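Examining the three-dimensional arrangement
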Amino acid sequence: MNKTISDDKKIRLPDQNINDIMGYIPHRHPFLLIDKVVDIIAFEQATGIKCVTYNEPFFTGHFPHQPIMPGVMIVEAMAQTSAILIGSSMNLRAADKLVYFLSMDKGRFRKPVVPGDYLKLHVTPLHSRSTIWSFVGKAKVDGELVAECTFKAALMDNKE
């Protein structure tokens, strides 16, 4: 975030599989858009993984003869990755706290994401104030940038 932390002080957190992810966020099929989160450094970065398959429900209508993952779904996958970064960094569970998507700025979609792509969603916090966090997100396929944006999220009590 804003302060520099030496590499030896960074806290590397364990990778999060699908069962771990479902403990941090309430999303479920068909709106759970990440399969795994890796390379997590507490409060600093995380990489979400989405294995894009033809079986995704949004491909039925976007577009039937030339399936393309909607940009809004790529952004949502970035937001879900950021929720895992916050949740795992603070050891918060979805039963107690939720991370709500607030806004997106500077969105750019550079290349289509199609079935068979292995989408990597890199998120990094820019800053936080109280319960509001700002992030930069970059989505890549085979190392090539396909989408990017900045976005905000809020940490809220789960009123369930």
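Described in the following lines is the structure provided in the data block. Just so it is clear, the model here is predicted, and its values are computed rather than measured.

A few words on the pattern of salt bridges. Inspection of every chain in the model, using the stated rule, returns 6 salt bridges. Of the charged contacts in the structure, one is a salt bridge between E44 and K10, with a shortest N-O distance of 3.6 Å. Remark: K10 occurs in the segment before β1 (12-13) and E44 occurs in the loop between β2 (36-41) and β3 (45-51); sequence separation between them is 34 residues. Accessibility expressed as a relative area gives 16% for E44, which makes it buried. For E148, the salt bridge goes to K138, with nearest N and O atoms at 4.0 Å. You can see E148 sitting in strand β7 (residues 144-157) and its partner K138 sitting in strand β6 (residues 132-141), a full 10 residues away along the chain.

The subject of this paragraph is the side chain of E76. If you trace the backbone, E76 turns up in helix α2 (residues 71-90). For the buried E76, which has no salt bridge, the nearest side chain bearing the opposite charge is R28, at an N-O separation of 11 Å. Contacts of E76, omitting those with residues within four sequence positions, involve H27, F31 and L33.

Here we take up the pairing of β6. For strand β5 (residues 118-129) and β6, the ladder comprises 10 bridges, and the chain directions are antiparallel. Its bridge partner lying in β6, T124 is registered against V136. In textbook terms, the turn of a hairpin is the stretch between consecutive antiparallel strands, and for β5 and β6 this stretch comprises 2 residues, one of which, S130, has a positive phi near 60°. Here β6 pairs with β7 via 10 bridges, running antiparallel. The partner of A139 across the bridge, within β7, is A147. The loop that links β6 with its antiparallel partner β7 comprises 2 residues; one of these, D142, has a positive phi angle of about 55°.

Turning our eyes to something else, we now look at the packing of aromatic side chains. The final tally for this structure, using the stated rule, is 5 aromatic pairs. Seen in terms of ring centroids, W133 and F135 are 6.1 Å apart; in terms of plane orientation they differ by 15°. Their pairing is stacked. Owing to a relative accessible area of 7%, W133 belongs among the buried residues under this scheme. In this structure an aromatic cluster arises from ring pairing among F43, F101, W133, F135 and F151. Of note, R93 hangs over the ring of Y24, and the distance from its end group to the ring centre comes to 4.2 Å.

Our focus in this paragraph is the pairing of β2. Judged from the 2 bridges that link them, β1 and β2 form a sheet pairing that is antiparallel. Directly across from L13, in β2, lies its bridge partner I40. Across 4 bridges, the pairing between β2 and β3 is antiparallel. Directly across from K36, in β3, lies its bridge partner I49.

On to the sheet that holds β1, then. What the 7 strands build is an open sheet, ordered β1-β2-β3-β5-β6-β7-β4; its pairing is antiparallel. Edge positions in the sheet fall to β1 and β4 (97-109), since each of these pairs with one other strand and no more.

Along the chain, T131 falls in the loop between β5 and β6. The class of T131 is partly exposed, set by a relative accessible area of 32%. Spatially, the C-alpha atoms of T131 and V99 are 9.3 Å apart, while their sequence positions differ by 32 residues. Not counting the four nearest positions on each side in its chain, T131 is found in contact with A153, A154 and L155.

Parameters and conventions
- Residues numbered from 1 in each chain as written.
- Predicted model: local features only at pLDDT ≥ 70, side-chain atom pairs only at ≥ 80, totals over all residues.
- Heavy atoms only, no water.
- Salt bridge = Lys/Arg side-chain N within 4 Å of Asp/Glu carboxyl O.
- Helix = DSSP H or I, 4+ residues; strand = E, 2+ residues; numbered from the N terminus.
- Buried < 20%, exposed > 50% of the residue type's maximum accessible area, 1.4 Å probe, protein only.
- Lys, Arg positive; Asp, Glu negative; His and termini not counted.
- Contact = heavy atoms within 4.5 Å.
- Pairing = 2+ DSSP bridges.
- Phe/Tyr/Trp six-rings, centres within 6.5 Å; stacked < 30°, edge-to-face > 60°.
- Lys NZ or Arg CZ within 6 Å of the ring centre and 35° of its normal.

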